[in-house]
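Structural features, examined
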Amino acid sequence: MKRRDFVQSGALVLLLGVQQLARGATILAVRVWPAPEYSRVTIESDALLTFTQNFIPNPPRLAVDVRGIDLNPALKELVAKVGPTDPTINGIRVGQFGPGVVRLVVDLKQPVAPQVFNLPPVAAYRHRLVFDLYPTVVADPLEELIAERMKDATSASPQTPQSNTAADPLGELMAQKSNPSASTQPPKFGSNQTQGASTSVAGSPLSTGSGGQKGLSNQEGPFMSVPRPQVTDRLIIIALDPGHGGEDPGAIGPGGTREKDVVLRLAHRLRERINNSTVNGNAMRAFMTRDSDFFVPLGVRVDKARRVKADLFISLHADAFFTPNPQGASVFALSQGGASSTAARWMAAKENQADVIGGLNVKARDVQVKRALLDMSTTAQIKDSLQLGSAMLGEIKRVGKLHKPKVEQASFAVLKAPDIPSVLVEAAFISNPVEEAKLNSDAYQEQLADALMKGITAYFARNPPLARNRSL
């Protein structure tokens, strides 16, 4: 090659390189994940994006200048991706702020504590620039559950004057004492009660729950108060944890079914059953760590269950393997030592990757605090978790195949609540085409939700919930 040709060739390569640098990063996708707890905006690109941010409190908005890119149709899509029901974001504006600098302004419906950070490539994702917008005013989830239960109880109670009068047996008794001739019939406490029968009046002024009132506990007659056994007089809360969500789709079946979608539908079905059930006369309520499609870090899932003082924690997943052959449901509990099998160890390692794929801001100050909770598991918690898992397996096998006949154990991060019996249910192998179809079947999901509910009931029959300072 002649020297002139060589120089020209080198100049051409250099020119192409400069053009490549000038072009900057390519935007691959933009996504918006609305949720009551926080809203997330994600910009995925083929190269690392640098940025500066500025939060303006009045009116609340977040301005982020992204360097190394030019305004393009992909970025403009963000404007249309914000829905009217987004609880946090009012709208997004994008514009070319300068050469190679795009400004995004996120108009907010309420003040937020923003976190803007980069995520390195992982799994199917390339570089991601993430805006997490956390509302500064957060509702107490336990108070919301109690208020919801009280609202249901009020709406279910008869509102007629006749019913209100009949519901006060002590008032009727006092009226009879002051006017004996007014009535010779004892007040009625229920449709099946007769004069002279021993009765238990749950929730009435005569009921003490600890042996009856003084002066009445040793007398025969319709006003005798009989204590109910094992009554805690409080709300029983079951934390349901649909796995994955948002940026983390979980396992994907051969037909394109995403794990995060099928387990969320299963959780909604199970929530309905829990909310319509009781334990020893006490109302039950389901609390979901996510009730729509957004990402929740593993430590936050545990922390949320502890904040509502959950009695049980049930994490719902759909199994996957490299081949389509494995099938059947499994239930896992925590292990303080080694895993009960190689498969259990592999499964725990896979599920524990959810934070990396979903996009955890590792620089956030509270990450270490939340992860500290994951090191306080107890022997008693694991024992109760194994009993809960066994009760569930006994019911699941009636509606489908089991992958393992007993509860397996491994170090699942999401099961490390120190004071809550916790299990992880793998509903089926989503990587098996037959079981993928079952997971998409309403009929199978209904059967599986019934089985899980029966397992919860069977567990509480042997392990009544303890009394706590959480009355209705």
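Right, let's walk through the structure included here. (Residues numbered from 1 in each chain as written. Predicted model: local features only at pLDDT ≥ 70, side-chain atom pairs only at ≥ 80, totals over all residues. Heavy atoms only, no water.)

1. Some details on the side chain of glutamine 381
Relative to the elements of secondary structure, glutamine 381 occurs in helix 11 (residues 379-396). Assessed through its relative accessible area of 3%, glutamine 381 is described here as buried. Side-chain polar atoms of glutamine 381 contact the backbone oxygen of alanine 417, separated by 2.8 Å. Setting aside anything within four residues of it in sequence, one finds glutamine 381 in contact with Leu334, Leu415, Ala417, Pro418, Ile420, Pro421 and Ser422. (Helix = DSSP H or I, 4+ residues; strand = E, 2+ residues; numbered from the N terminus. Buried < 20%, exposed > 50% of the residue type's maximum accessible area, 1.4 Å probe, protein only. Polar contact = N/O pair within 3.5 Å; in protein donor to acceptor, adjacent residues only side chain to side chain. Contact = heavy atoms within 4.5 Å.)

2. Things to note about the pattern of salt bridges
Side chains that differ in sign of charge can pair as their charged atoms come close. Within the structure shown, the criterion is met by 17 salt bridges. A salt bridge links aspartate 107 to arginine 93; the shortest N-O distance between them is 2.9 Å. In this pair, aspartate 107 is assigned in strand 6 (residues 101-108) and arginine 93 in strand 5 (residues 89-98), connecting sequence segments 14 residues apart. In this structure arginine 93 comes out as partly exposed when scored by relative accessible area, which is 46%. Salt-bridge contacts for arginine 258 lead to aspartate 261; the nearest nitrogen and oxygen are separated by 2.7 Å. The class of arginine 258 is partly exposed, set by a relative accessible area of 35%. A relative accessible area of 22% means that aspartate 261 is categorised as partly exposed. (Salt bridge = Lys/Arg side-chain N within 4 Å of Asp/Glu carboxyl O.)

3. Concerning the sheet that holds strand 12 (residues 312-319)
Taken together, the seven strands give an open sheet; going across it, the order is 10-11-9-12-15-13-14, and neighbouring strands pair in mixed fashion. With partners counted over all chains shown, the strands left at the sheet margins are strand 10 (278-279) and strand 14 (408-410), one partner each. Two elements, strand 13 (residues 330-334) and strand 14, share three bridges in a ladder whose sense is parallel. Its bridge partner lying in strand 14, phenylalanine 332 is registered against glutamate 408. Here helix 6 (residues 259-275) sits on the sheet and contacts strand 9 (236-242), strand 11 (282-288), strand 12 and strand 15 (422-429); the angle it forms with strand 11, its principal contact strand, is near 165°. Its contacts with the sheet place helix 8 (residues 342-351) against strand 12, strand 13, strand 14 and strand 15, and it is angled at close to 50° to strand 14. (Pairing = 2+ DSSP bridges. Axes fitted to C-alpha atoms, helices over the stretch in contact; angles between N-to-C directions.)

4. Quick look at the environment of glycine 328
Mapped onto the elements of the fold, glycine 328 is located in the loop between strand 12 and strand 13. Taking the C-alpha atoms as reference, glycine 328 lies 9.1 Å from lysine 397; in sequence the two are 69 residues apart. When near neighbours in sequence (up to four residues on either side) are disregarded, glycine 328 contacts Lys401, Leu402, His403, Ala428, Phe429 and Glu435.

5. Topic: helix 7 (residues 298-307)
Within helix 7, seven of the ten residues are buried, which leaves the element mostly enclosed by the surrounding structure. Burial in helix 7 covers these residues: Leu298, Gly299, Arg301, Val302, Asp303, Lys304 and Ala305. In the segment just after helix 7, lysine 309 is the residue with positive phi, at about 55°.

6. As for the nonpolar core
Ile238 and Ile456 are the most contacted members of the largest nonpolar core, which totals 45 residues. Where this core is concerned, the elements lending two or more residues are strand 9, helix 6, strand 11, strand 12, strand 13, helix 11, strand 15 and helix 13 (442-462). Of all the elements, helix 13 adds the most residues to this core, at ten residues. Leave out the neighbours within four places in its chain, and isoleucine 238 touches Ile274, Met284, Arg285, Ala286, Phe287, Leu312, Ile314, Ile456 and Phe460. (Core = buried A, V, L, I, M, F, W, Y, C linked by side-chain atoms within 4.5 Å.)

7. Some details on the sheet that holds strand 2 (residues 39-45)
Pairing in this open sheet of four strands is antiparallel, and the strands run 1-2-8-7 from one edge to the other. Strands at the two margins of the open sheet, each flanked by one partner only, are strand 1 (27-33) and strand 7 (112-119). Between one strand and the next, the sheet's axes are offset by a mean angle of 10°, whatever the strand orientation. Here seven bridges tie strand 2 to strand 8 (residues 127-135), and the two strands are oriented antiparallel to one another. Looking at the pairing, isoleucine 43 lines up with leucine 129 of strand 8. Strands strand 1 and strand 2 of the sheet are contacted by helix 2 (residues 73-81), whose axis makes an angle of about 15° with strand 1.

8. Overview of unusual backbone geometry
Note: most residues except glycine have negative phi, and most peptide bonds are trans. Put simply, asparagine 58 and proline 59 share a cis peptide bond, and its omega is -10°. Locating proline 59 in the fold gives a position in the loop between strand 3 (50-57) and strand 4 (60-67). For alanine 123, which is not glycine, the phi dihedral falls at a positive 50°. Its relative accessible area of 66% is what places alanine 123 among the exposed residues. Even without a glycine there, the phi angle at histidine 244 is positive, about 65°.

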